[in-house]
Number of protein chains: 2
Amino acid sequence: MTESVPQQRKKILVVSAHPEPRSLNAALADFAVAHLRSAGHEVRVSDLYAMKWKATVDADDFPGHAPGGRLDVLAGQERATREGRLTADVLAEQEKVRWSDAVILQFPMWWFSVPAILKGWIDRVFTNGFAYGPSVPPPYTEGALGGRRALLSATIGARRSAFSDRGIHGDIADVLHPLQHGLFWFTGMAPLAPFAVYGTVALPEREFAAVTGAYGHRLDGLFTDDPVPYRTLDGGDYDHHMRLLPGAAAPGTTGLDLHLRPRGRQRT
Amino acid sequence: MTESVPQQRKKILVVSAHPEPRSLNAALADFAVAHLRSAGHEVRVSDLYAMKWKATVDADDFPGHAPGGRLDVLAGQERATREGRLTADVLAEQEKVRWSDAVILQFPMWWFSVPAILKGWIDRVFTNGFAYGPSVPPPYTEGALGGRRALLSATIGARRSAFSDRGIHGDIADVLHPLQHGLFWFTGMAPLAPFAVYGTVALPEREFAAVTGAYGHRLDGLFTDDPVPYRTLDGGDYDHHMRLLPGAAAPGTTGLDLHLRPRGRQRT
């Protein structure tokens, strides 16, 4: 009799950002929660629209801020984080991120990025002092949030070919670079290749099973698939000006591929 | 006696997105307005924080939307735009964009993109039917907003070298691709190379004159500098799957550079 390999119980935060509870995005978020729980994991959800998440960084985010005083967002976030004066909604989300072993962002791609409500979750939760800054390890190393995995799960109206390596919109990996490398890798999280559903303007109902089948497969690999092989800042590849050293990349490598370890690029 | 070349009077919309009226961003927006007006242009301003701009797309954006009905954002925007049922704040911004010969976005770079409030201006104003969609020319051609110029003016905390061609954050042109190519070029606007001020975490007061000097020079070229030479969809470079044809780019060209006409790349 063979014993099954014991499943390691992990903690996953699913952040979703669609205004319609009957949307494909909501269905994918629900699917991920159920799939991960049935695999034995703990899952928490931040449904930003249901939470009426405040998207805009403003003076109200800094309860200790003197009225009439000049608002320096970077310094204000650092001080508020250090002194425990962030607002309750931000603190609750930081606690979830800190609790998690993996973060999944579920969103419809609007204008080649996340919806404003999700950008506002990033702007307000990933504060100086929490996600980066002088009190934590440098960016692009273990960072402030090292040891966590990260997955973008996006629905995209356009067709897949237009986001392929020669697609007019740009390779999906390049279009999502600000999130994959700029948010996740910067803070020490290990991003997987994005999961994207294309052609969602007119996705036939019957294809939903194929979509969740593919998504389930990706969720099964959340802690075992190889992350995108970005280079670390302290791995000897960059100079003191944070520029890639000559010879670090294979000849002919250009653009954002420079920041992948050799032969690491997974083209779509 | 020589006569001076008559100045062509143009219309420019400046959209700014910083919560602090005494910030560098606010100062740059004010500078741009004064500089362009003194050159004889008409300027209008959308100061998103002062306007308390609503960042989040939700059901309130669709006054005709049946309560309890399923919200399809894309279809809802198309219908509301066509039937003149968009909200007053969105209509006012669309009127400004339509009025303009050039749009300038002034913002602090947060998480390698625009602040949520500005993303929400894009998400809510650039509706299906106004900025793209079946009723206007295709994307990446003259589009819905052709004949306009566009300029990103960003303040960036990090140093310039980290956003250079081999910089760890990625080349600034690649990082801003979702806005430059995905927003502006997609809708037919002609983007100029971005104007960026780096190292703003600790920018000495005495450098402000140098910054505005450089910015003034860029503003003087708003209608005469060469835009980023992106390829058009209908120029014969892409196939029916919207993929770049083999041989369209010079050998060795990869990544987002593929979508520039040959030798068009202006590296930083």
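Residues numbered from 1 in each chain as written. Chains lettered and ligands numbered in written order. Predicted model: local features only at pLDDT ≥ 70, side-chain atom pairs only at ≥ 80, totals over all residues.

(A) Spotlight on the overall build of chain A. A count of helical and extended segments in chain A gives seven helices and six strands. Going from the N terminus to the C terminus, chain A shows its helices and strands as β-α-β-α-α-β-α-β-α-α-β-β-α. The C-alpha atoms of chain A give a radius of gyration of 19 Å, which matches the 18 Å a tight globule of 268 residues would have. Taken over the C-alpha atoms alone, chain A extends approximately 60 × 50 × 50 Å along its principal axes. Sorting the 268 residues of chain A into buried and exposed places 46% on the buried side. Residue pairs at least 24 apart in sequence account for 76% of intrachain contacts in chain A once pairs closer than 6 positions are excluded. (Helix = DSSP H or I, 4+ residues; strand = E, 2+ residues; numbered from the N terminus. Rg over C-alpha atoms; globule rule 2.2 N^0.38 Å. Buried ≥ 20, exposed ≤ 12 C-beta atoms within 10 Å, placed from the backbone. Contact = placed C-beta atoms within 7 Å.)

(B) Here's a closer look at the relation of the copies chain B and chain A. For the match of chain B to chain A, the screw axis carries a shift of 0.0 Å, the RMSD comes to 0.0 Å, and the turn is 180 degrees. Such a combination of rotation and displacement between the chain copies is what one expects of a two-fold axis. Closest approach to the rotation axis among the C-alpha atoms of chain B is made by Ala116(B), whose C-alpha sits 2.5 Å away. Most of the interface of chain B is mirrored in chain A, where 100% of its interface residues are also at the interface. (Least-squares fit on C-alpha atoms with pLDDT ≥ 70 in both.)

(C) Representation of the interface of chain B and chain A. Listed by partner, the interface residues are 56 residues for chain B and 56 residues for chain A. When contributions to the side of chain B that touches chain A are tallied by element, the ones reaching two or more residues are helix 2 (73–82), helix 4 (116–125), helix 5 (172–175) and helix 6 (177–185) of chain B. The biggest single contributor to the side of chain B that touches chain A is helix 4 of chain B, with six residues. Of the residues contributing to the side of chain B that touches chain A, the split by class is 29 nonpolar, 17 polar and ten charged. (Nonpolar A, V, L, I, M, F, W, Y, C, P; charged D, E, K, R; others polar.)

(D) Structural detail: the packing of helix 1 (residues 24–38) of chain B against helix 7 (residues 208–220) of chain B. Residues and elements named next belong to chain B. Closest axis-to-axis distance for the helix 1/helix 7 pair is 10 Å, and the angle between their directions is 45 degrees. In this view, helix 1 runs oblique relative to helix 7, as classed from their interaxial angle. The chirality of how helix 1 crosses helix 7 is right-handed. In this structure, helix 1 uses Leu28, Phe31, Ala32, His35 and Leu36 to contact helix 7, whose residues at the interface are Thr212, Tyr215, Gly216 and Leu219. A breakdown of the residues in the contact of helix 1 with helix 7 according to their chemical character gives six nonpolar, three polar and no charged. (Axes fitted to C-alpha atoms, helices over the stretch in contact; angles between N-to-C directions. Parallel < 35°, antiparallel > 145°, perpendicular 65-115°, else oblique. Left-handed = near helix turned anticlockwise from the far one by under 90°.)

(E) Highlighting the packing of helix 3 (residues 88–99) of chain A against helix 4 (residues 116–125) of chain A. Residues and elements named next belong to chain A. Between helix 3 and helix 4, the shortest axis-to-axis distance is 10 Å and the interhelical angle comes to 90 degrees. By the angle between their directions, the pair helix 3 and helix 4 is classed as roughly perpendicular. Where helix 3 abuts helix 4, its residues Val90, Glu93, Gln94 and Val97 lie against Trp121, Arg124 and Val125. Along the lines of polarity and charge, the residues of the contact of helix 3 with helix 4 split into four nonpolar, one polar and two charged.

(F) Fine view of the pairing of strand 4 (residues 149–155) of chain A. Residue and element names in this part refer to chain A. The buried count for strand 4 comes to seven of seven residues, which makes it a mostly enclosed element. On strand 4, burial covers both faces: Arg149, Leu151, Ser153 and Thr155 on one face and Ala150, Leu152 and Ala154 on the other are all buried. Relative to strand 4, strand 3 (residues 102–108) runs parallel, the two sharing seven bridges. Bridge pairing links alanine 102 to arginine 149 in strand 4. As a crossover connection, the stretch from strand 3 through helix 4 into strand 4 is right-handed. Pairing geometry for strand 4 and strand 5 (residues 190–191), over two bridges, is parallel. Looking across to strand 5, one finds that alanine 150 is bridged to proline 191. (Pairing = 2+ DSSP bridges. Right-handed = clockwise from strand over helix to strand, strands pointing away.)

(G) Structural detail: the environment of Leu36(A). All names here are of chain A. Relative to the elements of secondary structure, leucine 36 occurs in helix 1 (residues 24–38). With 22 C-beta atoms packed within 10 Å, leucine 36 lands in the buried category. Taking C-alpha positions, leucine 36 is 7.2 Å from leucine 219, a pair spaced 183 residues apart along the chain. If we ignore the near neighbours within four places in the chain, the residues touching leucine 36 are Ile12, His41, Val43 and Leu219.

(H) Focus on unusual backbone geometry. All names here are of chain B. Even without a glycine there, the phi angle at phenylalanine 112 is positive, about 60 degrees. In this structure, phenylalanine 112 sits in the loop between strand 3 (102–108) and helix 4. A count of 23 C-beta atoms within 10 Å places phenylalanine 112 in the buried class. A positive phi angle is found at tyrosine 140, which is not glycine, with a value near 60 degrees. Among the structural elements, tyrosine 140 can be located in the loop between helix 4 and strand 4 (149–155). Residue classification places tyrosine 140 among the buried positions, given that 22 C-beta atoms sit within 10 Å.

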